[in-house]
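Listed here are the chains, written in short residue letters.
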Amino acid sequence: MVNNEEVIEELKKIVKQKGLKYTEQREIVLNILINATDHLSAEEVYNEIKSQYKESNIGIATVYRALSFLEEVDLITSITFGTDGKKYESNAKSHHDHLICTSCGKIVEFLDDEIEKRQDRIAKKNKFKITSHSMQLYGTCETCSK
């Protein structure tokens, strides 16, 4: 797990490398996701900003642009829900995979050492070097199955 300051410093470094202007808006969006306990949609990020940063006048379009940039530079990641859009989370968390309910949209994070080992064995067997991976398992949660 990386601390917030390290992630913000990484953002500053990336922006400088790209020759872009550092904006407080990107930092605020990133901070919301670093501190989030759930995966958030752009609208939920926007609502959190309105709640936590009342003095800020960040519009929803700015939130979308910031999310797109932060995902492009690999500081956040998203899960796509087809026509329902995306949910975002910070990449500062330790590695995990996802169970996603196709009925209610609930997302459960999990880590399974056996799955991780098996992926490594499969890669080794195929002379393949894994640089990253994302596992998303879709189905129906217990509540929606009832």
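Our structure's up above, just so we're on the same page.
Residues numbered from 1 in each chain as written. Predicted model: local features only at pLDDT ≥ 70, side-chain atom pairs only at ≥ 80, totals over all residues. Heavy atoms only, no water.

## Focus: the sheet that holds strand 3 (residues 97-101)
Strand order in the open sheet formed by three strands is 4-3-5, and the pairing between neighbours is mixed. A strand with exactly one partner marks an edge of an open sheet, and here the two such strands are strand 4 (107-110) and strand 5 (136-139). Strand-to-strand twist in this sheet, taken as the mean axis angle between neighbours without regard to direction, amounts to 20°. In this sheet, strand 4 lies alongside strand 3 in antiparallel orientation, the contact comprising four bridges. Paired with Leu99 across the two strands is Val108, which belongs to strand 4. (Pairing = 2+ DSSP bridges. Helix = DSSP H or I, 4+ residues; strand = E, 2+ residues; numbered from the N terminus. Axes fitted to C-alpha atoms, helices over the stretch in contact; angles between N-to-C directions.)

## Structural notes on a nonpolar patch on the surface
On the surface, Leu99, Val108 and Leu137 cluster together to form a nonpolar patch covering roughly 210 Å² of accessible area. With respect to the helices and strands, the residue Val108 is situated in strand 4. Classification of Val108 as partly exposed rests on a relative accessible area of 34%. (Patch = residues over 30% accessible without salt bridge, like charges linked within 9 Å, V, L, I, M, F, W, Y side chains within 5 Å. Areas by Shrake-Rupley, 256 points an atom, 1.4 Å probe, with all protein chains shown as cover. Salt bridge = Lys/Arg side-chain N within 4 Å of Asp/Glu carboxyl O. Buried < 20%, exposed > 50% of the residue type's maximum accessible area, 1.4 Å probe, protein only.)

## Quick look at the environment of Glu44
With respect to the element layout, Glu44 can be found in helix 3 (residues 42-52). Once the C-alpha coordinates of Glu44 and Ser132 are considered, the two residues, 88 residues apart in sequence, prove to be 27 Å apart. Looking at Glu44, its side chain comes within polar contact range of the main-chain nitrogen of Ser41, at 2.7 Å. (Polar contact = N/O pair within 3.5 Å; in protein donor to acceptor, adjacent residues only side chain to side chain.)

## A short note on helix 5 (residues 113-125)
For helix 5, spanning 13 residues, the distance from its first C-alpha to its last is 18 Å, which sits close to the expected 18 Å at 1.5 Å a residue. The complete set of buried residues in helix 5 reads Glu116, Gln119 and Ala123. The arc that holds the buried residues of helix 5, viewed along the axis, is 60°, so those residues lie on one side. Counted as exposed and oriented over 90 degrees from the buried face of helix 5: Asp113, Glu114, Arg118, Lys124 and Lys125. In this fold, the buried residues of helix 5 make contact with strand 3. For helix 5, the side-chain oxygen to backbone nitrogen distance between the N-cap and Glu114 is 2.8 Å, and the N-cap itself is Asp112. (Expected span 1.5 Å × (residues − 1). Arc of directions from axis to C-beta. Contact = heavy atoms within 4.5 Å.)

## Structural notes on unusual backbone geometry
A positive phi is found at Asp74, a non-glycine position, where the angle reads about 70°. Among the secondary structure elements, Asp74 is positioned in the loop between helix 4 (60-72) and strand 1 (76-80). Look at Asp74 and you get exposed, because its relative accessible area is 56%. Of note in this structure, Lys127 is not a glycine but carries a positive phi near 50°.

## So, the nonpolar core
By size, the foremost hydrophobic cluster in this structure holds 27 residues, and its most contacted members are Leu30, Val45, Ile49, Leu67 and Leu70. Counting only elements with at least two residues in this core, the list comes to helix 1 (4-17), helix 2 (24-35), helix 3 and helix 4. (Core = buried A, V, L, I, M, F, W, Y, C linked by side-chain atoms within 4.5 Å.)

## Some thoughts on the state of the cysteines
If you walk through the whole model with that rule in mind, you get zero disulfides. No disulfide involves Cys104; its sulfur sits 3.7 Å from that of Cys101, the nearest cysteine. Left unpaired, Cys144 is separated from the closest cysteine sulfur, that of Cys141, by 3.6 Å. (Disulfide = S-S within 2.5 Å.)

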